[in-house]
Amino acid sequence: MLTLLNAINGLLWGQILVYLLIGTGVYFTIRLGFIQFRHFFHTFTVMKGSRKSDKEGISSFQALSTSLAARVGTGNLAGVAIAITVGGPGAIFWMWVIALLGMATSFAESTLAQAYKVHDEDGNFRGGPAYYMERGLNARWMGSLFAIFLIIAFGLVFNAVQANSITAALHESFQFDKLTVGIVLAIISGAVIFTGIRGIAKVAERIVPAMAFVYLLIALFVVVTNITQLPAIIGLIIDSAFGWQEAAGGAFGAMIMTGVQRGLFSNEAGMGSAANAAATASPYPPHPASQGYVQMLGVFIDTIIICTATASIILLSGGLESFTGMGGVEITQRALDIQVGDWGGSFVAIALLFFAFTSIIANYSYAETNLVFLQHKNTRGLIVLRITVLAMILFGATQSNSVIWSLADVSMGLMAIVNLIAILLLSNEVIKLAKDYNQQLDAGKIPTFDRTKLPELDKKIEPGVWEVKK
């Protein structure tokens, strides 16, 4: 099975996705006027009104927290270690590149998700790639295909990845039995999952910022105490990214592919997943593009800040040969042990427990939204999905690391291909929405979306959504 999965991944990532992800990121970066650099500080301005919400949607801060809950997890602690050991230190550089380009891609998909969001049977907002494929492209078949891939990836495989890393970390630090940990994790996850989207958002809003802050404080301590080594580490990353040794050894392509893979798994830009969280928000300013700015910030926080913190901890801990034969999370644990003492590995285990737990519940929320899209109503199918998600948590807790990660790469690759094609086809609408927002902003106004001013969108947006309030 592993051989087959590796062959599929070689095709998806080596021949298709590396070029499609980078190409799409470059395309939107240019067409949006380098928005991730030119308007970077505006992302923080948008967050000033992020606590506002209404009965139809969650707040922008909750949407950001939910998307970060899915983003910040195994990819940040274990995925970075895997990137370094498989692709070398230069893979971190390519994770940075895909994140910076991905900020523009994330703006595009999240803006579209807001524009084409709908009301569900309970009056709450739902949306995402499946919805903008159906409404924007009039291609329900494409939306259904994406929804199926997302349910497999986020509802099933990714939750197995998170559970696998949690159990590995707790077993490494505390010698906890993996099956027992899996059972407890499934019970706690089930308690949150059955509360629905709003309950998931409230949990993510409390846990994610606190754990990210503590983790970054510890990483900052490691960097400061090794400040004299930092220039050499940065030089190592950049030299490895473009080094003759990697090129001569045939490792250059593998390094880029690894950086792109792990970068996408971590920040999800272009995969279409975070767009599901973006669509559930009642944004302020009341314009689809404001949620694009919010989710751009999410990509930056995830990869440029948190992944770089993990990479610093690992690279400042000595030669990579000392980590030979270890799994991703064990490498991060051992590296922090070296830096701060025996409690470092235990802290990583606890941090991963919270990060990966919130990833599980956020991943489920994405799967639920796409199951609702397929069914067009809430039925017992949601109960089946919830039970299956909990079963995958148990499955992941006891499976081999390599099989789980290979499954994750295949499933997210299929999702990303479908979504990237869709947002490229809808790129003109992204540009019009961004232009409308920024023209109002430049005029000193609070950007407010008037759907009637963009008739080509107006006829495709659900009636009752984005109506101008007199």
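Our subject in this report is the structure included herewith.

Cut-offs applied
Residues numbered from 1 in each chain as written. Predicted model: local features only at pLDDT ≥ 70, side-chain atom pairs only at ≥ 80, totals over all residues. Heavy atoms only, no water. Helix = DSSP H or I, 4+ residues; strand = E, 2+ residues; numbered from the N terminus. Buried < 20%, exposed > 50% of the residue type's maximum accessible area, 1.4 Å probe, protein only. Contact = heavy atoms within 4.5 Å. Areas by Shrake-Rupley, 256 points an atom, 1.4 Å probe, with all protein chains shown as cover. Polar contact = N/O pair within 3.5 Å; in protein donor to acceptor, adjacent residues only side chain to side chain. Core = buried A, V, L, I, M, F, W, Y, C linked by side-chain atoms within 4.5 Å. Phe/Tyr/Trp six-rings, centres within 6.5 Å; stacked < 30°, edge-to-face > 60°. Patch = residues over 30% accessible without salt bridge, like charges linked within 9 Å, V, L, I, M, F, W, Y side chains within 5 Å. Salt bridge = Lys/Arg side-chain N within 4 Å of Asp/Glu carboxyl O. Axes fitted to C-alpha atoms, helices over the stretch in contact; angles between N-to-C directions. Parallel < 35°, antiparallel > 145°, perpendicular 65-115°, else oblique. Left-handed = near helix turned anticlockwise from the far one by under 90°.

A look at the overall build of the protein
- In terms of regular secondary structure, the protein is built from 21 helices and two strands.
- Within the protein, the proportion of its 470 residues that are buried is 63%.
- A separation threshold of at least 6 residues defines the contact pool for the protein, and within that pool the share at least 24 residues apart is 82%.
- Accessible surface, the protein: about 17500 Å² in total, of which carbon and sulfur atoms supply 66%.

Structural notes on unusual backbone geometry
- For Phe-34, which is not a glycine, the phi torsion comes out positive at approximately 55°.
- Counting through the fold element by element, Phe-34 comes out in the loop between helix H1 (2-31) and helix H2 (35-38).
- With a relative accessible area of 44%, Phe-34 lands in the partly exposed category.
- Its identity is not glycine, yet Asn-138 carries a phi of approximately 55°, on the positive side.

Here we look at the side chain of Gln-36
- Mapping Gln-36 onto the fold places it in helix H2.
- Look at Gln-36 and you get buried, because its relative accessible area is 2%.
- In terms of polar contacts, Gln-36 uses its side chain to reach the backbone carbonyl oxygen of Leu-100, at 2.8 Å.
- Setting aside residues up to four positions removed in sequence, Gln-36 forms contacts with Thr-29, Leu-100, Leu-101, Met-103, Ala-104 and Met-296.

Here we look at the nonpolar core
- Membership of the largest hydrophobic core comes to 159 residues, with the highest contact counts inside it found for Phe-107 and Tyr-132.
- Here the element with the most residues in this core is helix H8 (residues 140-174); it accounts for 18 residues.
- For Phe-107, the residues in contact, after removing those within four places along its chain, are Leu-32, Ile-35, Ala-289, Gly-292, Tyr-293, Met-296, Val-430 and Ala-434.

Remarks on the packing of aromatic side chains
- This model, assessed by the stated rule, comprises 14 aromatic pairs.
- Between Phe-107 and Tyr-293, the aromatic rings sit 5.2 Å apart at their centres with planes inclined by 75°, giving edge-to-face as the arrangement. Taken as a pair, Phe-107 in helix H6 (residues 90-115) and Tyr-293 in helix H15 (residues 288-315) lie far apart in primary sequence, 186 residues in all.
- Here the aromatic residues Phe-40, Phe-41, Phe-44 and Phe-300 are joined through ring pairs into a cluster of three or more.

Considerations on a nonpolar patch on the surface
- A surface patch of nonpolar side chains, about 460 Å² in accessible area, is lined by Phe-213, Val-214, Leu-217, Leu-220 and Val-224.
- Note that Val-224 resides in helix H10 (residues 197-225).

Description of the packing of H1 against H6
- The contact between H1 and H6 brings their axes to 8 Å, and the two run at 65°. Between H1 and H6, the crossing angle belongs to the class labelled roughly perpendicular. For H1 against H6, the interelement crossing comes out left-handed. Residue-level contacts link Leu-21, Ile-22, Thr-24, Gly-25, Val-26, Phe-28 and Thr-29 of H1 to Ile-98, Leu-101, Ala-104, Thr-105 and Ala-108 of H6.

As for the pattern of salt bridges
- Tallied over the full model, the rule gives seven salt bridges.
- Between Glu-368 and Arg-126 there is a salt bridge, and its shortest N-O distance comes to 2.7 Å. Of this pair, Glu-368 sits in helix H17 (residues 343-375) while Arg-126 sits in strand S2 (residues 125-126); the two residues are 242 residues apart in sequence, bridging distant segments of the chain. The residues Glu-368 and Arg-126 share a single accessibility class, namely buried.
- Here the residues in one salt-bridge network are Arg-126, Glu-368 and Arg-386, joined through shared partners.

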